[in-house]
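Per-entry structural report
Listed here are the chains, written in short residue letters.
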Amino acid sequence: MTAWLASITDAAEARQVLAAGAAIVDAKNPHAGALGALPHDTVRAIVAAVGGRVPVSATIGDFPDMNPAAVAAAVAAMAATGVDFVKIGLLPSPALADCLDALAPLASRHRLVAVLFADREPDFSLIGRLAERDFTGVMLDTVDKAGGGLLAHQPAARLAQFVAQTKKPGLLSGLAGSLKLADIPVLAPIGADYLGFRGALCRNHARTRALDPGALAALSGAMGREAAPGA
């Protein structure tokens, strides 16, 4: 059964998405790029507000050069906030292989989730390498939030291949990237563990605006219908 992840910016939003039924609360700063990081104190407040009722994930920010030392330091600092998962965007870079090696010791102590980008020619061969380095999961997202949603960059068949390759070594799988309610009937049958949302939950579907209670209710209902037997 595919559950849903809600990206939020503070403890108040965390409580809103919890009430709506989100299965993962994802701490992210939508004003600071695709995987913008929130201040550590804000993330700690989110962890406290959730109180262990569901897992909390947090992004470390965008690192285009994939500098191994900088990425590893950011992961360690975010893990220290008490989140359940730390998300790391993997962007094409000559330093990527060294970065993965630097993260392997951290992956043995913390649950790390790699994020590949559907609009940056994602290399699915990385999935096996991530499993070898003890990563917990892999998500597919988009970098350019104005460039169309996930399905504008990867067809459903390719997304199904991604999910199958991720599940084969036992990794968690997630799909995100400007997803809308209309995408749910297409994506839910693919069988990812999670679908991730931000813009679809906000006023006027603008990811940098506040959450919209009506949009939250609509998405919660749509995901519930997909999860229902015979849906």
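Now for a description of the structure that goes with this document. (Residues numbered from 1 in each chain as written. Predicted model: local features only at pLDDT ≥ 70, side-chain atom pairs only at ≥ 80, totals over all residues. Heavy atoms only, no water.)

Core analysis: the biggest nonpolar cluster contains 82 residues, and Trp-4, Val-25, Leu-103, Leu-175 and Phe-197 have the highest contact counts within it. Setting aside chain neighbours within four positions, we find Phe-197 in contact with Trp-4, Leu-5, Ala-6, Ser-7, Leu-179, Lys-180, Ile-184, Leu-219 and Met-223. (Core = buried A, V, L, I, M, F, W, Y, C linked by side-chain atoms within 4.5 Å. Buried < 20%, exposed > 50% of the residue type's maximum accessible area, 1.4 Å probe, protein only. Contact = heavy atoms within 4.5 Å.)

Before going further, it helps to examine the pairing of strand 1 (residues 3–8). Of all six residues that make up strand 1, six are buried, and the element is covered over most of its length. Residues Ala-3, Leu-5 and Ser-7 line one face of strand 1 and the alternating positions Trp-4, Ala-6 and Ile-8 line the opposite face, and both faces are buried. Relative to strand 8 (residues 194–197), strand 1 runs parallel, the two sharing four bridges. The residue of strand 8 that forms the bridge with Ala-3 is Tyr-194. Bridging between strand 1 and strand 2 (residues 24–27) involves four bridges; their strand directions are parallel. In the sheet register, Ala-6 faces strand 2, and the bridge partner there is Val-25. Viewed along the sheet, the connection from strand 1 through helix 1 (residues 11–20) into strand 2 turns out right-handed. (Helix = DSSP H or I, 4+ residues; strand = E, 2+ residues; numbered from the N terminus. Pairing = 2+ DSSP bridges. Right-handed = clockwise from strand over helix to strand, strands pointing away.)

What follows deals with the layout of surface pockets. What the largest pocket holds in volume is close to 280 Å³. Residue lining of the largest pocket: 20 residues in total, with Ser-178, Leu-179, Arg-198, Gly-199 and Arg-207 positioned closest to the centre. Broken down by secondary-structure element, the contributors of at least two residues to the lining of the largest pocket are strand 1, strand 6 (137–141) and strand 8. Broken down by class, the residue content of the lining of the largest pocket amounts to seven nonpolar, six polar and seven charged. (1 Å grid on protein atoms, 1.4 Å probe; cavity = no way out; pocket = protein on both sides within 12 Å on 5 of 7 lines; lining within 4 Å. Points joined across faces, edges and corners; volume = space filled by probe spheres on them. Nonpolar A, V, L, I, M, F, W, Y, C, P; charged D, E, K, R; others polar.)

Moving on: the packing of helix 1 against helix 2 (residues 40–50). Where helix 1 meets helix 2, the axes come as close as 8 Å, and the angle between the chain directions of the two elements is 35 degrees. The interaxial crossing formed by helix 1 with helix 2 has right-handed handedness. Contacts from Ala-11, Ala-14, Arg-15 and Leu-18 in helix 1 reach Ala-45, Ile-46, Ala-49 and Val-50 in helix 2. Partitioning the contact of helix 1 with helix 2 into residue classes produces seven nonpolar, no polar and one charged. (Axes fitted to C-alpha atoms, helices over the stretch in contact; angles between N-to-C directions. Left-handed = near helix turned anticlockwise from the far one by under 90°.)

Burial of the side chains of strand 2 extends over both faces: Ile-24 and Asp-26 are buried on one face and Val-25 and Ala-27 on the other. Of the strand pairs in this sheet, strand 2 and strand 3 (residues 56–59) are connected by three bridges, and their pairing is parallel. By the bridge assignment, Asp-26 is partnered in strand 3 with Ser-57. In this region the chain leaves strand 2, passes through helix 2 and returns to the parallel neighbour strand 3; the handedness of that crossover is right-handed.

Bringing the side chain of Thr-142 into the picture now. Within the secondary structure, Thr-142 is located in the loop between strand 6 and helix 6 (150–153). With relative accessibility at 0%, the residue Thr-142 sits in the buried group. Non-local contacts of Thr-142, meaning those with residues more than four positions away in its chain, are made with Ala-34, Phe-117, Ala-118, Asp-119, Gly-148, Gly-149, Leu-150, His-153, Ala-176, Gly-177 and Ser-178.

Moving on: empty space enclosed by the protein. If you walk through the whole model with that rule in mind, you get one cavity of 30 Å³ or more. Lining the largest cavity are 13 residues; nearest its centre among them are Ile-24, Val-113, Met-139, Leu-172 and Tyr-194. Contributing elements (two or more residues each) for the lining of the largest cavity: strand 4 (85–89), strand 6 and strand 7 (172–175). Classifying every residue of the lining of the largest cavity by side-chain character gives eight nonpolar, four polar and one charged.

These figures come from the coordinates and say nothing about function on their own.
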